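# An overview of the molecular structure
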Amino acid sequence: MSTPDFNLLLTLDVLLTEQNVARAAKRLQLSPSAMSRALARLRETTGDPLLVRAGRGLVPTPRALQLREQLGPLVQAAEAVLRPLQRLDLGMLERAFTLRCSDGFVENFGAALVDRVAAEAPGVRLRFVQKIGKDSTGLRDGSVDLETGVVSSVMGPEIRTQALFRDRWIGVVRKGHALIGTRPSAETFARARHVAVSRHAGTAAAADANPINDALAALGLQRQVVVTTSGYVAALALVRGTDLIACVPERHTANLRAGLHAMELPFITPPLSVSLFWHPRFQADAAHVWLRGVVMGCCGGGG
């Protein structure tokens, strides 16, 4: 079976609307002879004369009247598919977006993001899901719209990225901690009791792959990790009630650290660059482009 010529749908729609070959040809910018040939093809394809003579004009057959009822929605749907992207009406937008990010990101930027979305697009709903690993499965299968974090080699090469903000590592202790008011050496800092953060806190090597550990190892030192948690919320909660030290990203944990004491680390650590990730299927989606801009604005635009 040969593939049908879908251009004939538009031709038939115009012919049945005008019921005149010359007028239909003018609307489609064709010559009358070309339109006559198109009508002949339509008659052959449908097995029906479609338009027949009635005096000086043409009238539709019963089959043509039946087709005319079906053609309108078909042609409108096809035009909508091929129409260039129109300006997004945020006031009318109704859509749910899923964002995969850490608790710290929600704690620091979630409220501003929710408020701005509500003000600009009240019909939009947000769903925050916990960031467990660094793979891009959720972005690929469409269950996640946006993700935040540090660029990783395990992410798919097709994933789009945009920098959100830069951060740095700091040490955090409770008020009244013995290290407050001192300038500890790297050795003294490493000997103190630490709480480490790892998404894989249940594994034996949970605290091994860490910029803090790497920086100390370069100095021939190793910190004394006595507790490991899977997130900054839990780590800082432990810091509040103990003499433990937590090393955390400064900006990412700003609200979480309320009431705690932050200190400069006595050794150099590489800076952090927190980015926004999405799948290329949403690259040109108007609503997705808008939401990415909102997230960027709430996080300070990559500074």
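The present account deals with the structure reproduced in this document. Every value quoted in this text rests on a predicted model; they were computed, and no experiment measured them.

## Section: a nonpolar patch on the surface
Together, Phe6, Leu9 and Leu74 line one region of the surface with nonpolar side chains, adding up to about 300 Å² of accessible area. Note on placement: leucine 9 falls in helix H1 (residues 7-18).

## Section: the packing of aromatic side chains
This structure, assessed with the given rule, holds 3 aromatic pairs. Between phenylalanine 105 and phenylalanine 109 the ring centres are 5.1 Å apart and the planes differ by 50°, which places this aromatic pair in the tilted class. Residue phenylalanine 105 and its partner phenylalanine 109 are located together in helix H5 (residues 103-120), separated by 4 residues, close to a single helical turn. With a relative accessible area of 1%, phenylalanine 105 lands in the buried category. The class of phenylalanine 109 is buried, set by a relative accessible area of 7%.

## Examining the sheet that holds strand S5 (residues 146-150)
The strand order across the open sheet formed by 5 strands is S4-S3-S5-S12-S6, and the pairing between neighbours is mixed. Each of the sheet's edge strands pairs with one partner strand only, and the pair in question is strand S4 (124-130) and strand S6 (160-167). Looking at each pair of strands side by side, their axes are set apart by 20° on average, direction ignored. As defined by bridge partners, S5 adjoins strand S12 (residues 272-278) across 4 bridges and the pair is classed as antiparallel. Bridging across to S12, glutamate 147 finds its partner in phenylalanine 277. Against the sheet, helix H10 (residues 286-298) contacts strand S3 (95-101), S4, S5, S6 and S12, and its axis sits at roughly 45° relative to S3.

## Remarks on the pairing of strand S8 (residues 193-197)
Summarising burial for S8: 4 of the 5 residues are buried, a large majority. Bridge count for S8 against strand S10 (residues 245-249) is 2 bridges, and the pairing is parallel. Following the sheet pairing, valine 195 is matched in S10 by alanine 246.

## Considering the nonpolar core
Membership of the largest hydrophobic core comes to 30 residues, with the highest contact counts inside it found for Val172, Phe189, Ile212, Leu236, Val248, Leu265 and Phe267. Of all elements in the fold, only strand S7 (169-173), helix H7 (186-191), S8, helix H8 (211-217), helix H9 (232-241) and S10 reach the threshold of two or more residues within this core. Core analysis: the next-biggest nonpolar cluster, separate from the first, contains 25 residues, Leu93, Cys101, Val117 and Leu291 among them.

## Looking at the pattern of salt bridges
In total, this model carries 9 salt bridges according to the counting rule given. Here glutamate 147 ties to arginine 100 by a salt bridge, and the two come within 2.8 Å at their closest N and O atoms. Here glutamate 147, found in strand S5, pairs with arginine 100, found in strand S3; they are 47 residues apart in sequence, far enough to count as distant. Glutamate 158 is the salt-bridge partner of arginine 140, the closest N and O atoms lying 2.7 Å from each other. You can see arginine 140 sitting in helix H6 (residues 137-141) and its partner glutamate 158 sitting in the loop between S5 and S6, a full 18 residues away along the chain. Overall, the relative accessible area of 40% leaves arginine 140 in the partly exposed class. Put simply, Glu18, Arg23 and Arg27 are held in one network by salt bridges that share partners.

What counts and what doesn't
- Residues numbered from 1 in each chain as written.
- Predicted model: local features only at pLDDT ≥ 70, side-chain atom pairs only at ≥ 80, totals over all residues.
- Heavy atoms only, no water.
- Patch = residues over 30% accessible without salt bridge, like charges linked within 9 Å, V, L, I, M, F, W, Y side chains within 5 Å.
- Areas by Shrake-Rupley, 256 points an atom, 1.4 Å probe, with all protein chains shown as cover.
- Salt bridge = Lys/Arg side-chain N within 4 Å of Asp/Glu carboxyl O.
- Helix = DSSP H or I, 4+ residues; strand = E, 2+ residues; numbered from the N terminus.
- Phe/Tyr/Trp six-rings, centres within 6.5 Å; stacked < 30°, edge-to-face > 60°.
- Buried < 20%, exposed > 50% of the residue type's maximum accessible area, 1.4 Å probe, protein only.
- Pairing = 2+ DSSP bridges.
- Axes fitted to C-alpha atoms, helices over the stretch in contact; angles between N-to-C directions.
- Contact = heavy atoms within 4.5 Å.
- Core = buried A, V, L, I, M, F, W, Y, C linked by side-chain atoms within 4.5 Å.

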